[in-house]
Amino acid sequence: MTSEIKKFYDVWFSPQSIITETTELPNVNFDDLTNSVMNMGPFYFYVVDFFDMSLSNISPSIYDIHGFNPETVIFHDVLNTIHPDDVDFVTKTEASIFDLFYKNIGLEKLLKYKMNYSFRSRVKNGEYVLMNHQALMLTMGGSGGYGKSLNIHTPIDHLSKHNTYTFSMIGLDNEPSYMNLRLNLDNKDTRQFSKREISIIKFIADGLNNNEIADKLFISALTVKKHRTNIFAKCDCKNAAELVKLSMFKGLI
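What counts, and where the lines are drawn
Throughout, a residue's number is its position along its own chain's written sequence, starting from 1. Whole-chain, interface and lining totals are the exception, using all residues; otherwise, since this is a predicted model, local features are given only for residues with pLDDT of at least 70 and side-chain atom pairs are given and counted only at 80 or more. The side-chain figures draw on all heavy atoms in the structure; neither hydrogens nor water molecules are used. Note on conventions: DSSP H or I runs of at least 4 residues are helices, E runs of at least 2 residues are strands, and numbering of each starts at the N terminus. Exposure categories follow from relative accessible area, calculated using a 1.4 Å probe and restricted to protein chains: below 20% of the type maximum is buried, above 50% is exposed, and the middle band is partly exposed. Note on contacts: a residue pair qualifies if any of its non-hydrogen atoms lie within 4.5 Å across the two residues. Here the accessible surface of atoms and residues is derived via Shrake-Rupley with a 1.4 Å probe, and residues count as covered only by protein chains that are part of the display. Strands were regarded as paired on the criterion that DSSP finds at least two bridges between them. Each nonpolar core is a collection of buried residues, namely Ala, Val, Leu, Ile, Met, Phe, Trp, Tyr and Cys, held together in the definition by side-chain atoms within 4.5 Å. Geometry is summarised by axes, namely lines fitted to C-alpha atoms with helices restricted to the contacting stretch, and by angles between N-to-C directions that run from 0 to 180 degrees. Angle categories are assigned with fixed cut-offs, so that under 35 degrees is roughly parallel, over 145 is roughly antiparallel, 65 to 115 is roughly perpendicular, and the rest are oblique. Each residue is assigned to one class: nonpolar for Ala, Val, Leu, Ile, Met, Phe, Trp, Tyr, Cys and Pro, charged for Asp, Glu, Lys and Arg, and polar for all the others, Gly among them. Every helix has an expected span of 1.5 Å times one less than the residues it contains.

Enquirer: Just to check I follow, could you spell out the overall build of the protein for this structure?
Expert: Within the protein, the secondary structure is distributed over nine helices and eight strands. Put simply, the protein has 253 residues, and 50% of those count as buried. In the protein, once contacts between residues fewer than 6 apart in sequence are set aside, the share between residues at least 24 apart is 60%. Counting every atom, the protein has about 12400 Å² of accessible surface; 51% of that belongs to carbon and sulfur.

Structure below.
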């Protein structure tokens, strides 16, 4: 095991997250599940078991993107595609995500969030491209740690070649979302989108103006305007086009 790979294992095998047995996957259709998760072009997916780091349900498109044989690829192969200069960011982000669940959100809500961030990854032709990483925890260990996770990787150079070095946690089942978070966060640093704000973002993406959104939500146009101002401030966007692009980039819409 290389020193770079060991950094990942030091995070995932921490005393708080370690699990002692494998878990059973729920009965899901992975094609339907991945199609329901926002993707921005060609992508591949796999399920990693944090009990032994084995892979399953690997999509054939991993060959098209990385040149890996889906029958023989292992998790080390995927991790080794990460640009050496981005390894620290990825490991610290993974540690921050677990820390937020362990200390703030609650480990019991692991299955209610989609994690999202980007890093440079080596593809089939040997070049590095910006890769968007989305992760959905499908099972949890008996002690509350990580079980099996569905990971979806999408090259996004066509959207951006600049990594913001932030991560987002998209709430499912009406859980709040946390966008553009930076490392070493405490409660005061998290930028949380409410359920109402997420609804407004989706209406903005559909091209609705303040009055139309107000009619949809049965609130005043002035209230919508205030929400828009707060949304733009939280995500550091100057206009609706930037907001929609960022929301797509982060998997919020």
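From this point, the discussion proceeds with the structure in view.
Enquirer: I keep staring at the environment of arginine 182 and nothing clicks. Help me out?
Expert: Position of arginine 182 relative to the elements: it lies in the loop between strand 7 (177-181) and strand 8 (192-193). Put simply, arginine 182 and lysine 92 are 90 residues apart on the chain and 10.0 Å apart in space, counted from C-alpha to C-alpha. Every residue in contact with arginine 182, bar those within four places of it in the chain, is listed here: Thr164, Tyr165, Thr166 and Phe167.

Enquirer: Looking at this structure, I do not really get the pairing of strand 6 (residues 167-171). What am I missing?
Expert: On a regular strand, one side chain projects to one face of the sheet and the next to the other, so that they alternate. Of all the five residues making up strand 6, five are buried; the element is thus mostly covered by neighbouring parts of the structure. Neither face of strand 6 is exposed, since Phe167, Met169 and Gly171 on one face and Ser168 and Ile170 on the opposite face are all buried. Sheet topology places strand 3 (residues 113-122) next to strand 6; five bridges connect them, and they run antiparallel. Its bridge partner being in strand 6, asparagine 116 is matched across the sheet by serine 168. For strand 6 and strand 7, the ladder comprises two bridges, and the chain directions are antiparallel. Counterpart to phenylalanine 167 in the pairing with strand 7 is leucine 181. The turn joining strand 6 and strand 7, which pair antiparallel and follow one another in sequence, is formed by five residues; a positive phi near 55° is taken by aspartate 173.

Enquirer: For this particular structure, what's the right way to read the nonpolar core?
Expert: Among soluble globular proteins, nonpolar side chains are generally buried collectively. Judged by nonpolar contacts, the single largest core of 44 residues is most densely connected at Phe8, Trp12, Phe75, Phe101 and Met169. For this core, the leading source of residues is helix 5 (residues 87-105), giving eight residues. Those residues in contact with phenylalanine 75 that lie beyond four places of it in its chain are Trp12, Tyr46, Val48, Met53 and Leu55.

Enquirer: Would you mind showing me how to read the packing of helix 6 (residues 195-205) against helix 8 (residues 221-235) here?
Expert: Two measures define how a pair of helices packs: the angle their axes make with one another and the distance between the axes. Relative orientation of the contacting elements helix 6 and helix 8 amounts to 90°, with a least axis distance of 10 Å. If you check the angle between helix 6 and helix 8, you find them roughly perpendicular. From helix 6, Arg196, Glu197, Ile200, Ile201 and Ile204 reach across to helix 8, where they touch His227, Arg228, Asn230, Ile231 and Lys234. Among the residues making up the contact of helix 6 with helix 8, the classes are represented as four nonpolar, two polar and four charged.

Enquirer: So what exactly am I meant to see when it comes to helix 5 here?
Expert: The periodicity of an α-helix, 3.6 residues per turn, causes residues three or four positions apart to be oriented the same way. For helix 5, spanning 19 residues, the distance from its first C-alpha to its last is 25 Å, which sits close to the expected 27 Å at 1.5 Å a residue. Val87, Phe89, Val90, Thr91, Thr93, Glu94, Ser96, Ile97, Phe98, Leu100, Phe101 and Ile105 are the residues of helix 5 that are buried. On its buried face, helix 5 is in contact with helix 1 (3-12), strand 3, strand 4 (128-137), strand 6 and strand 7. The first or second residue beyond helix 5 is glycine 106, which carries a positive phi of 110°.

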